[in-house]
Amino acid sequence: MDINRKKRLLEEYRNRRPEMGVISFRCKYTGERFLGFSMDTKADFNSNRFKLSAKGHPNKLLQNLWDEYGESGFELSVIEILEYDNPDDDHSRKLATLLALCFANDPKARRIWR
């Protein structure tokens, strides 16, 4: 890879503003919903899908549903997006508050991560 291209890609990565918010995995067949807050929604969707496909997800109920219905049996979505200015700030408290509001709106929902 060309050194200038590598530098440009590295700079783009450093300056990116990942989407932050509350992500949801909802089983289409049972209606069960699993929620979690995310500092990078795309990365967390990929990470969770990989763990579920490899049969190594820490949430055993979510894993069992995934094994039974497969990826096509789930609706993956971002249900709340956090608006922020500085990506270097710690947004975990705001994200935890957003997640708590989502659980208040859907008391039957479970956490993605145990």
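Keep in mind it's a predicted model, so treat the numbers as computed, not measured. (Residues numbered from 1 in each chain as written. Predicted model: local features only at pLDDT ≥ 70, side-chain atom pairs only at ≥ 80, totals over all residues. Heavy atoms only, no water.)

A look at the pairing of strand 2 (residues 33–38)
Reasoning step 1: Sheet analysis places strand 1 (residues 20–27) next to strand 2, joined by 6 bridges and oriented antiparallel. The residue bridging Phe25 from the neighbouring strand is Phe34, located in strand 2.
Reasoning step 2: Where strand 1 folds back onto strand 2 in an antiparallel hairpin, the turn is made up of 5 residues, including Gly31, whose phi is positive at roughly 80°.
Reasoning step 3: Sheet topology note: the strand 2/strand 4 (residues 110–111) ladder contains 2 bridges and is parallel. Across the sheet, the residue bridging to Phe34 is Arg110, located in strand 4. (Pairing = 2+ DSSP bridges. Helix = DSSP H or I, 4+ residues; strand = E, 2+ residues; numbered from the N terminus.)

Some words on the side chain of Gln63
Reasoning step 1: Position of Gln63 among the secondary structure elements: in helix 3 (residues 60–69).
Reasoning step 2: Relative accessible area serves as the criterion here: at 4%, Gln63 is assigned to the buried category.
Reasoning step 3: A distance of 3.5 Å separates a polar side-chain atom of Gln63 from the backbone nitrogen of Gly56.
Reasoning step 4: At 3.0 Å, the side chain of Gln63 and the backbone nitrogen of His57 are in polar contact.
Reasoning step 5: Dropping the residues within four chain positions of it, Gln63 is found in contact with Lys51, Leu52, Lys55, Gly56 and His57. (Buried < 20%, exposed > 50% of the residue type's maximum accessible area, 1.4 Å probe, protein only. Polar contact = N/O pair within 3.5 Å; in protein donor to acceptor, adjacent residues only side chain to side chain. Contact = heavy atoms within 4.5 Å.)

A look at the pattern of salt bridges
Reasoning step 1: Counted according to the given criterion, the structure contains 7 salt bridges.
Reasoning step 2: Across the salt bridge formed by Arg33 and Asp106, the nearest N and O atoms sit 3.2 Å from each other. Of the two residues, Arg33 sits in strand 2 while Asp106 sits in the loop between helix 4 (92–105) and strand 4, which places them 73 residues apart along the sequence.
Reasoning step 3: The partner of Lys55 in a salt bridge is Asp67, and the shortest N-O contact between them spans 3.3 Å. Separated by 12 residues along the polypeptide, Lys55 in the loop between helix 2 (41–53) and helix 3 and Asp67 in helix 3 bring together distant segments of the chain.
Reasoning step 4: Classification of Lys55 by relative accessible area gives exposed; the value is 57%. (Salt bridge = Lys/Arg side-chain N within 4 Å of Asp/Glu carboxyl O.)

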